[in-house]
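# Examination of the molecular architecture
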Amino acid sequence: MSFVVSGGQLRALEPASSTMSTWPGYTAQVTANYSLTYAAIYRTQPAVRTVVGFLARNLAQLGLHTYRRLADNDRRRLTDHPIAALLGQPNPTTSPYRLIRALISDLAIFDDAYWVKLRADDRVPVGVRRLPPWRMEALGPDWTDAEKYRLHGSHGHLDLDAENVVHFRGYNPDDSRVGCSPIEALRQILAEEFAAAQWREQMWSNGARVSGYLERPTEAPEWSDRARERFRAQWHAQYTGSGAQAGGTPILEDGMRFVSAGINPKEAQYVESRKLTREEAAAAYHIAPPLVGILDHATFSNIREQHKQLYQDTLGPWCAEIEQEIGLQLIPDLPNSRRVYVEFNIAEKLQGSFDEQAQQLQMAVGGPYMTRNEARGLSNLPRIEGGDELIVPLNVAIGDQVDEPDLPALPAGNKPAEEDDDEG
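Residues numbered from 1 in each chain as written. Predicted model: local features only at pLDDT ≥ 70, side-chain atom pairs only at ≥ 80, totals over all residues. Heavy atoms only, no water.

## Remarks on the side chain of aspartate 106
Residue position: aspartate 106 is located in helix α5 (residues 96-110). By relative accessible area, aspartate 106 is classed as buried at 5%. Every residue in contact with aspartate 106, bar those within four places of it in the chain, is listed here: Asp111, Asp112, Ala113, Arg130, Leu131 and Pro133. (Helix = DSSP H or I, 4+ residues; strand = E, 2+ residues; numbered from the N terminus. Buried < 20%, exposed > 50% of the residue type's maximum accessible area, 1.4 Å probe, protein only. Contact = heavy atoms within 4.5 Å.)

Structure follows, in structure tokens:
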């Protein structure tokens, strides 16, 4: 039997610290002996952080509008409907922007995102709250849909009926109840970046010196174990690490010679590898490289076109998925919701600059389309008397206001010449 979910029940499960283990894992094997949770990869991998933040910030900026479908080609925006109020203030501590930003971030990182419905006594949802995907477990014998969701916490767990949870999930070929993180597809290249970062850290902690070894000629006098250990300790103390001796010139004895070995940063193509990681991460999330700072082949015209492509091909599918899941799992729980749906305000981002919009509208209507008071309102200026009339220049013709041009009168008795008859 379902129950009313309250904030108190959720807070009772909050952990005392963030060190609790994740459920059901959401862990990627970065190297053979090293693994990271998806959340840790987001925190530590710049490429993943860049593309996920790019998606989340751009979609959260759009805003969700509520509409009622009146006919196939007619709709009305609703500002006082319960879904508009719910999404306008999801709960007392979460703004709409943060709700959508967290939703997109969870989907991009885990391919799963969860909202719990906060219901009133009459069972009508009055708010939603994000639940961390790594704490959620899908329950039930049916591998296509979950019957319950278990919210794990350090102080126990809470079982939620499926009707009390809005579950956004991607495609998983093995289990339809949960998604499959895009980070899994990036695991190999992230492992390379992780190993390269470890090597760079060791290089800098060693005073930015390249790897090498000391070669001692065969004719040099024999070293005792005590002399060899003393030289090794002296070399390590003076010419390695990041202390005051970093960068000093070593003084070699007995004809010894330093032989460079290993790969230097230029040969390792450090910059190219970082760029490759970001390009692969952007490709995994279908983002054009110039939009995440890779400007090798960027021009003003192609960046402008890629900005349009962003909201059509990249963000468009994300918008459609979220709009339809809200329409499927949340709107039916609210009263007076027949033919009600939500839509991201993506058209506003595609309108172009003010000059382009003004030119397009003027071409469409054939003349001025805005009164002086409407223009003053756009500039946050007060209204003026007589400013509600549309001023039409004298050189602009509108409809039946076009008069035939006046022709000079013909002299008396003259008639216009008639065209010759073909037969005469």
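## A few points about the confidence of the model for the protein
Looking at the protein, pLDDT values average 77 and 67% of them are 70 or higher. Mean pLDDT values for the elements of the protein range from 52 in helix α1 (residues 7-11) up to 96 in α5. Counting interchain partners and residues more than four positions distant, the pLDDT-below-50 stretch residues 14-24 has 24 contacts. Segment residues 419-424 is flagged for pLDDT under 50; beyond a separation of four residues in sequence, or across chains, it makes zero contacts in the model. (pLDDT = per-residue confidence, 0-100.)

## Section: the packing of helix α3 (residues 46-62) against α5
Two elements in contact, α3 and α5, have axes whose closest approach is 8 Å; the angle formed by their N-to-C orientations is 145°. Relative to α5, the crossing made by α3 is right-handed. Side by side, α3 and α5 meet where Val52, Leu55, Ala56, Arg57, Leu59, Ala60 and Gln61 of the first sit next to Tyr97, Ile100, Arg101, Ile104, Ser105, Ala108 and Ile109 of the second. Classifying every residue of the contact of α3 with α5 by side-chain character gives 10 nonpolar, two polar and two charged. (Axes fitted to C-alpha atoms, helices over the stretch in contact; angles between N-to-C directions. Left-handed = near helix turned anticlockwise from the far one by under 90°. Nonpolar A, V, L, I, M, F, W, Y, C, P; charged D, E, K, R; others polar.)

## Section: unusual backbone geometry
The bulk of non-glycine residues show a negative phi, and the bulk of peptide bonds are trans. Positive phi values are uncommon outside glycine, yet histidine 286 reaches one of about 60°. Its place among the elements puts histidine 286 in the loop between α8 (270-284) and α9 (300-329). The phi torsion at asparagine 336 lies on the positive side, around 55°, for a residue other than glycine. With respect to the helices, strands and loops of the structure, asparagine 336 is situated in the loop between α9 and β13 (340-344). For asparagine 336, a relative accessible area of 58% translates into the label exposed.

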